[in-house]
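Listed below are the residues making up each chain.
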Amino acid sequence: MPAHFLSADDLSAAELIAVLDRADELKADRAARMRAGTALPREELRGRTVAMVFEKPSTRTRVSFQVAVTELGGAPLPLSSAELQLGRGETVADTGTVLARYVHAIVVRTFGQDRLVELAEASSAPVVNALTDLEHPCQALADLQTFREVHGGFSGRTLAYVGDGNNVANSLLLAGAKVGLSVRVAHPEGHAPDAGIVARAEQLAAGSGARITLTTDPVAGVAGADAVYTDVWASMGQESEADERAGRFVPYRVTAELMGHAADGAVFLHCLPAHRGEEVTAEVMDGPASRVFDQAENRLHAQKALLATLLA
Ligand code: CP
Ligand code: NVA
């Protein structure tokens, strides 16, 4: 296993599949424990503290990591940068050095990937990317878990991502290419995923049998796909661009009509939070093909599997 999980590219294909298998086992075990009355206790993180540093808002990531650590017998320590000296200008490197003297892992949500890398380089404890402007690899783990629950595997299947080529799209490209899931991204002109990540995904896909396709045509992107995925048009930190994007992104809205071009049995995915009437219609978001709340739940299981593996 790598020292840190900063990118979906940090796990090999075999490590990724092993994390997904473990996530499935932990999900089944939790369901059995809940039927018996409690999800506690497991022992994987007994005696370990996991700091969670958030420089951006979060509902799913914050809560699912906190519950994941607790249910594995560890102690979560949620921290917002406003409460830390980080918010008053202490460097990320010094913050990483110091936190690692106290805790066994550090989960970080921040802006630039360079900020995360700087913190990880200074930290003797594993660092986990809980979203940066470039990537959202924990989301991709839960997305692959959800896709496999629905379709049974990845090989020969296609996931179509429609909309902004953002952090979520970048991590899906890398994770999909690793496990042999073809990924198509249909994006507005000027909003393609990161070029370096696309090149790396193409390289990985050549080895796994997946295909990476970029297009500006949403119908061509979705045609015959097994899952249609979208995300917000303006990510955290891009609020000032929201109005201008809202006009130009309309052809990339996931509607029932667009879903009609996907394969029979195709599901709708979204990392959430969603804006009904913007990137997706309420009809699709709340319709029978939507698996968005399974995705959100799977964050818990996938992150438990990741932490248990990183801290083994
Ligand atoms: N999908 C996701 O990461 O959601 P939050 O921003 O609520 O954590
Ligand atoms: N692309 C979104 C994902 C939120 C979970 C953002 O970065 O705001």
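1. Here we look at the pairing of strand β3 (residues 105-109)
- The buried fraction of β3 is high, at five of five residues.
- What you see with β3 is no split at all: Ala 105, Val 107 and Arg 109 on one side and Ile 106 and Val 108 on the other are buried throughout.
- Bridging between strand β1 (residues 49-54) and β3 involves five bridges; their strand directions are parallel. Of the residues in β3, the one forming a bridge with Val 53 is Val 108.

2. Re the side chain of Glu 135
- Relative to the elements of secondary structure, Glu 135 occurs in the loop between β4 (127-129) and α5 (137-151).
- Although Glu 135 is buried, it forms no salt bridge, and the closest oppositely charged side chain is Arg 200 at an N-O distance of 9.2 Å.
- Side chain to side chain, Glu 135 and Ser 171 meet in a polar contact 2.7 Å long.
- Once residues lying within four places of it in the same chain are set aside, the contact partners of Glu 135 are Ser 7, Ala 8, Gln 113, Asn 129, Asn 167, Asn 170, Ser 171, Leu 174 and Ile 197.

3. Observations concerning the nonpolar core
- In terms of nonpolar packing, the biggest core is built from 58 residues, with Val 128 and Leu 159 touching the most fellow members.
- Broken down by element, the residue count for this core peaks at eight residues, all from helix α6 (residues 167-179).
- Val 162, Val 222, Val 280 and Met 285 belong to the second-largest nonpolar core, a separate cluster that totals 17 residues.

4. Topic: the environment of Glu 278
- Inspection of the secondary structure puts Glu 278 in the loop between β9 (267-270) and α11 (282-285).
- A residue is classified by how much of its surface remains accessible, and Glu 278, at 37% relative accessible area, is partly exposed.
- Expressed as a C-alpha distance, the spacing of Glu 278 and Asp 231, which sit 47 residues apart in the sequence, is 9.9 Å.
- Once you skip the residues sitting within four places of it in the chain, Glu 278 turns out to touch Trp 233 and Arg 253.

5. Topic: the site of ligand 2
- Every residue near ligand 2 is listed here: Leu 131, Asn 166, Asn 167, Asp 231, Val 232, Ser 235, Met 236 and Leu 272.
- One of the side-chain nitrogen or oxygen atoms of Asn 166 is found 3.3 Å away from a nitrogen atom of ligand 2.
- Residue Met 236 places a main-chain N or O atom 2.8 Å away from an oxygen atom belonging to ligand 2.
- Contact with the protein chains removes 94% of the 270 Å² of surface that ligand 2 exposes when unbound.
- Class assignment of the residues belonging to the shell around ligand 2 gives a composition of four nonpolar, three polar and one charged.

6. Observations concerning the site of ligand 1
- With respect to spatial proximity, the complete set of residues near ligand 1 consists of Ser 58, Thr 59, Arg 60, Thr 61, Arg 109, His 136, Gln 139, Cys 271, Leu 272 and Arg 299.
- Here an oxygen atom of ligand 1 and a side-chain polar atom of Thr 61 are 2.6 Å apart.
- The separation between a nitrogen atom of ligand 1 and a polar side-chain atom of Gln 139 is 3.0 Å.
- Class assignment for the residues of the shell around ligand 1 results in two nonpolar, five polar and three charged.

Parameters and conventions
Residues numbered from 1 in each chain as written. Chains lettered and ligands numbered in written order. Predicted model: local features only at pLDDT ≥ 70, side-chain atom pairs only at ≥ 80, totals over all residues. Heavy atoms only, no water. Buried < 20%, exposed > 50% of the residue type's maximum accessible area, 1.4 Å probe, protein only. Helix = DSSP H or I, 4+ residues; strand = E, 2+ residues; numbered from the N terminus. Pairing = 2+ DSSP bridges. Lys, Arg positive; Asp, Glu negative; His and termini not counted. Salt bridge = Lys/Arg side-chain N within 4 Å of Asp/Glu carboxyl O. Polar contact = N/O pair within 3.5 Å; in protein donor to acceptor, adjacent residues only side chain to side chain. Contact = heavy atoms within 4.5 Å. Core = buried A, V, L, I, M, F, W, Y, C linked by side-chain atoms within 4.5 Å. Near = heavy atom within 4 Å. Areas by Shrake-Rupley, 256 points an atom, 1.4 Å probe, with all protein chains shown as cover. Nonpolar A, V, L, I, M, F, W, Y, C, P; charged D, E, K, R; others polar.

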